[in-house]
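Given next are the chains, with one letter for each unit.
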Amino acid sequence: GWDAPHPDPAVPLEAWWAALTSWDESAERAGLRGGFDGLDWDLEGNDDRSSPRSRFSAAGLRLVADLSARAKASGRFVSLAPP
């Protein structure tokens, strides 16, 4: 969301996917039937336009794309805001 850090591309895709899968499985065990439906990327910038959080690196964009593809391939929904 706004002013928040973007996903860290230094963390490997498999580690991100394992964390998201674990979170989803925990939600299902806690009573959220079927777990979460997918990813809703909310990737705005920062109030301070000079902040590094107002820009994406190529590696950061690749991570978002790869996680989105993995989620979609597993049958989950993927959306992105702002369009």
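This text goes with the structure placed above it.
Now for a description of the structure that goes with this document. (Residues numbered from 1 in each chain as written. Predicted model: local features only at pLDDT ≥ 70, side-chain atom pairs only at ≥ 80, totals over all residues. Heavy atoms only, no water.)

This structure, assessed with the given rule, holds one aromatic pair. Taking 4.5 Å as the distance between ring centres and 20 degrees as the angle between the ring planes, the aromatic pair formed by Trp23 and Phe36 counts as stacked. Remark: Phe36 occurs in the loop between α1 (13–29) and β1 (38–42) and Trp23 occurs in helix α1; sequence separation between them is 13 residues. Given a relative accessible area of 53%, Trp23 falls into the exposed group. Overall, Phe36 belongs to the partly exposed group, its relative accessible area being 31%. (Phe/Tyr/Trp six-rings, centres within 6.5 Å; stacked < 30°, edge-to-face > 60°. Helix = DSSP H or I, 4+ residues; strand = E, 2+ residues; numbered from the N terminus. Buried < 20%, exposed > 50% of the residue type's maximum accessible area, 1.4 Å probe, protein only.)

What follows concerns the side chain of His6. Here His6 shows up in the segment before α1. Relative accessible area serves as the criterion here: at 19%, His6 is assigned to the buried category. Contacts of His6, omitting those with residues within four sequence positions, involve Glu44, Arg53, Arg55 and Phe56. (Contact = heavy atoms within 4.5 Å.)

Before going further, it helps to examine the packing of α1 against helix α2 (residues 58–73). α2 packs onto α1 with a crossing angle of 50 degrees between their chain directions and a minimal axis gap of 10 Å. The angle between α1 and α2 places the two elements in the oblique class. The handedness of the crossing between α1 and α2 comes out as right-handed. Where α1 abuts α2, its residues Leu13, Glu14, Trp16, Trp17 and Leu20 lie against Leu63, Asp66, Leu67, Arg70 and Ala71. Residue composition of the contact of α1 with α2, grouped by class: seven nonpolar, no polar and three charged. (Axes fitted to C-alpha atoms, helices over the stretch in contact; angles between N-to-C directions. Parallel < 35°, antiparallel > 145°, perpendicular 65-115°, else oblique. Left-handed = near helix turned anticlockwise from the far one by under 90°. Nonpolar A, V, L, I, M, F, W, Y, C, P; charged D, E, K, R; others polar.)

Another aspect to go through is the pattern of salt bridges. One side chain can pair with another of opposite charge once the charged atoms of both are near each other. Considering all chains together, one arrives at three salt bridges under this definition. Note that Arg76 is salt-bridged to Asp24, the shortest N-O span being 2.8 Å. Of this pair, Arg76 sits in the loop between α2 and β2 (77–81) while Asp24 sits in helix α1, and the two are 52 residues apart along the sequence. Taking the shortest distance from any N to any O, the salt bridge between Arg62 and Asp66 comes out at 3.2 Å. Of the two residues, Arg62 and Asp66 are both situated in helix α2; the distance of four residues between them amounts to about one turn of the helix. (Salt bridge = Lys/Arg side-chain N within 4 Å of Asp/Glu carboxyl O.)

Fair warning: the whole summary comes from geometry, so function is off the table for now.
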